[in-house]
Amino acid sequence: MGEISVAVMPFQNMTNDTTWNIWQDGIQFNLITSLSNYSDELKVRQTESINNLIQSKGLTNYASITPSIASTISQKLNANVFIYAI
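Because the structure is a prediction, the values reported are computed rather than measured. (Residues numbered from 1 in each chain as written. Predicted model: local features only at pLDDT ≥ 70, side-chain atom pairs only at ≥ 80, totals over all residues. Heavy atoms only, no water.)

**Q** Quick one: what's the story with the nonpolar core, residue by residue and with numbers?
**A** One finds Ala7, Val8, Met9, Leu35, Ile50, Ile54 and Ile65 to be the most contacted residues of the largest nonpolar core, which totals 18 residues. Taken together, the elements giving at least two residues each to this core come down to strand 1 (4-8), helix 1 (22-35), strand 2 (42-44), helix 2 (47-56) and helix 3 (67-76). The leading source of residues in this core is strand 1, at three residues. (Core = buried A, V, L, I, M, F, W, Y, C linked by side-chain atoms within 4.5 Å. Buried < 20%, exposed > 50% of the residue type's maximum accessible area, 1.4 Å probe, protein only. Helix = DSSP H or I, 4+ residues; strand = E, 2+ residues; numbered from the N terminus.)

Set out below in structure tokens:
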């Protein structure tokens, strides 16, 4: 079995409390770090690659990332799997 490429999209804070916004990136970072421990089976796309593509699409708010946009980004990263949640 070959490597599986994974892209983890940033998460969106759905609360009205902006103090939780730090976790939008924190959850993404923690998942990427954890999944990277399985280097023999998984090739995890790094945060910078994912977030650069998001910014290149002109998206300034994670709420703007629809499932369709997340899918397009993961395809540009050649990811077999993408993790996306709001």
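**Q** A description of the environment of Ala70 should follow, citing residues and the corresponding values.
**A** Note that Ala70 resides in helix 3. In this structure the C-alpha to C-alpha distance between Ala70 and Met9, which are 61 residues apart in sequence, comes to 7.0 Å.

**Q** Which residues make up the packing of aromatic side chains, and what are the values?
**A** The final tally for this structure, using the stated rule, is one aromatic pair. Centre to centre, the rings of Phe82 and Tyr84 are 6.5 Å apart; their planes meet at 55 degrees, and the pair counts as tilted. Taking relative accessible area as the criterion, Tyr84 reaches 22% and is therefore assigned partly exposed. (Phe/Tyr/Trp six-rings, centres within 6.5 Å; stacked < 30°, edge-to-face > 60°.)

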